[in-house]
Every structure is written in C-alpha cells, then in structure tokens.
Amino acid sequence: MEWFPSAARKSSPVAQILLLHSVYGLRPAVHTAADRLRAAGHTVHTPDLFEGRTFEDVEAGMAYKEEVGSEELLRRAVGAAAPLLTSGTALVYAGLSLGGSLAQNLALADENARGLLLLHGTSDIREDAATAIPVQLHVAEPDPFEPEDWLNAWYLNMRKAGADVEIHRYHGAGHLFTDPDLADYDAEAAERAWAVALDFLAELDA
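Thresholds applied
Residues numbered from 1 in each chain as written. Predicted model: local features only at pLDDT ≥ 70, side-chain atom pairs only at ≥ 80, totals over all residues. Heavy atoms only, no water. Salt bridge = Lys/Arg side-chain N within 4 Å of Asp/Glu carboxyl O. Buried < 20%, exposed > 50% of the residue type's maximum accessible area, 1.4 Å probe, protein only. Helix = DSSP H or I, 4+ residues; strand = E, 2+ residues; numbered from the N terminus. Contact = heavy atoms within 4.5 Å. Phe/Tyr/Trp six-rings, centres within 6.5 Å; stacked < 30°, edge-to-face > 60°. Core = buried A, V, L, I, M, F, W, Y, C linked by side-chain atoms within 4.5 Å. Axes fitted to C-alpha atoms, helices over the stretch in contact; angles between N-to-C directions. Left-handed = near helix turned anticlockwise from the far one by under 90°.

A word on the pattern of salt bridges. All told, the structure shown has 10 salt bridges when counted by the stated rule. Between aspartate 128 and arginine 126 there is a salt bridge, with its nearest N and O atoms 2.9 Å apart. Residue arginine 126 is classed as partly exposed on the basis of its relative accessible area, which comes to 48%. Across the pair glutamate 127 and lysine 160 runs a salt bridge, and its minimum N-O distance is 2.5 Å. Here the residue glutamate 127 occupies a position in the loop between strand S4 (115-119) and strand S5 (134-141), and lysine 160 occupies one in helix H5 (residues 148-161), the gap between them amounting to 33 residues. With respect to class, glutamate 127 is no different from lysine 160; both count as exposed. Each of Glu51, Glu72, Arg75 and Arg76 takes part in salt bridges that share partners, so that together they form one network.

What follows is the structure, given as structure tokens:
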C-alpha cells in the first residue's frame, strides 16, 4: 500500500524525525527523548496519536489501543506524517515500542524515507516489502514483547526487503528501558542506546 506521494524529495543536512510514542501515550519521557535529539541538532516532531490520553500502566494503554484499533492508529500516524512530506522533507521515522511498530509501517511505505530508528518495538513485514533504508533497532534481552524467534525472523525479513539493519540488545533491561518514569528503566542501557542512536543519525547526515 502506498500512503505517501512518490515525488522526489531532497534530504536536509539535519534529520527531520517523526518520533511516535508508546502505548503509554505522549508522556514526559517522549518529550525528553525528543529534546535529546534536538540537542544534537535534529528537528523532531512528536504527534499525539492517543488524542491527549496517557496511561500509567501497560494494561490500560493496551486496552485503549484495542479500543481505537490498529487501523485507526496507523491512519493517525499517516496523518501526522503527511504535512511534513508535502513540504519536501525526507523523514527519519522513529518510535518507542508501539510507536516503533507504526514507524516501521510508515517508513516501508515511503520510498523517500531517510532512515528508521526503532526503540523497543517492531512490526511484521509484508512479503513484497522493498526498501534500501538504514534501520537501527534497540531492544531488551530478553524482551517478552519481542521474543527471540520473532526478532530473528524480523531481521531476516528486513534484510530480504533490502534494508541495512543493525540490532542492539541490552541484557537484563526492561522492555521500555529508556523511559525513566517506568519500572523498566535502565539508566546505563538507556545512555548506551541513545549514544548509538545519535551516531546512527549522524551517519545519515554524512
């Protein structure tokens, strides 16, 4: 499915990043992550796909996700990206957990995507997917939401699609280990992940 226009777009010297939030909603940790990326010189957009709702536990967030539905959430994510693309921007798609799943779907549908940065989450990949974008994934090890068999298949399918893929694993960290307001948080793992992610984004600019 093509969601975005195929007209050629120019890459800017600094990444324009669409950062999509987790199932907890657009909480302070998302803004903190965006500020970290902005401090490195990037422009970051953080749309609210939950329309103002935030959640304190994963069960409540998942219940709202099921209520809204995956198709509607993807439609909202597409709607958030569309105005940025009409200005000629080549986006780097990024996401946290659920946001990573959505970001992946958007990136693989946008032939002009500049890169894909995934933290804590992936999505399935269509059999006919084709892309040449660089992809970086940061994930806990083990992660109940991203089991080993799934990650192995995801990596092989992403490579089959043509992506240049890196996976960085963080042993003993919780699922959403970059969020300082959650029990999952692992300060050391978070700092390592952001350092590697910033290098990844810098290479896109090179």
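Take unusual backbone geometry next. With an omega dihedral of -5°, the bond running from glutamate 141 to proline 142 counts as a cis peptide bond. By the secondary structure assignment, proline 142 is in the loop between S5 and H5. Residue histidine 120 is not a glycine yet carries a positive backbone phi of 80°. Its location among the elements puts histidine 120 in the loop between S4 and S5. Of the residues examined, histidine 120 reaches a relative accessible area of 0% and is grouped as buried.

In this fold, isoleucine 167 is placed in strand S6 (residues 164-171). Take isoleucine 167: its relative accessible area is 23%, and that puts it in the partly exposed class. Spatially, the C-alpha atoms of isoleucine 167 and glutamate 72 are 29 Å apart, while their sequence positions differ by 95 residues. Contacts of isoleucine 167, omitting those with residues within four sequence positions, involve Leu137, Val139, Trp154 and Tyr155.

Right, let's talk about the packing of aromatic side chains for a bit. Taken as a whole and judged by the stated rule, the model has four aromatic pairs. Ring geometry for phenylalanine 55 against tyrosine 64: centres 5.6 Å apart, planes inclined by 35°, an arrangement best described as tilted. An identical accessibility class is assigned to phenylalanine 55 and tyrosine 64; each is buried. Between tyrosine 170 and phenylalanine 177, the ring centres sit 4.9 Å apart and the planes meet at 45°, which makes this aromatic pair tilted. Neither tyrosine 170 nor phenylalanine 177 differs from the other in exposure class; each is buried.

This paragraph deals with the nonpolar core. Soluble globular proteins: nonpolar side chains tend toward being buried together. Of all hydrophobic cores here, the largest spans 40 residues; its most connected members are Tyr93, Leu116 and Val135. Only strand S1 (16-20), helix H2 (58-68), helix H3 (70-86), strand S3 (91-96), helix H4 (98-109), S4, S5 and H5 provide two or more residues apiece to this core. The dominant element in this core, judged by the number of residues it contributes, is H3, at seven residues. Val30, Leu37, Trp194 and Leu204 belong to the second-largest nonpolar core, a separate cluster that totals 19 residues.

At a closest axis distance of 10 Å, the pairing of H3 and H4 adopts a crossing angle of 65°. In terms of crossing hand, the pair formed by H3 and H4 is right-handed. Along the contact surface, H3 presents Leu73, Leu74, Ala77, Val78 and Ala81, while H4 presents Leu98, Leu102, Asn105 and Leu106.

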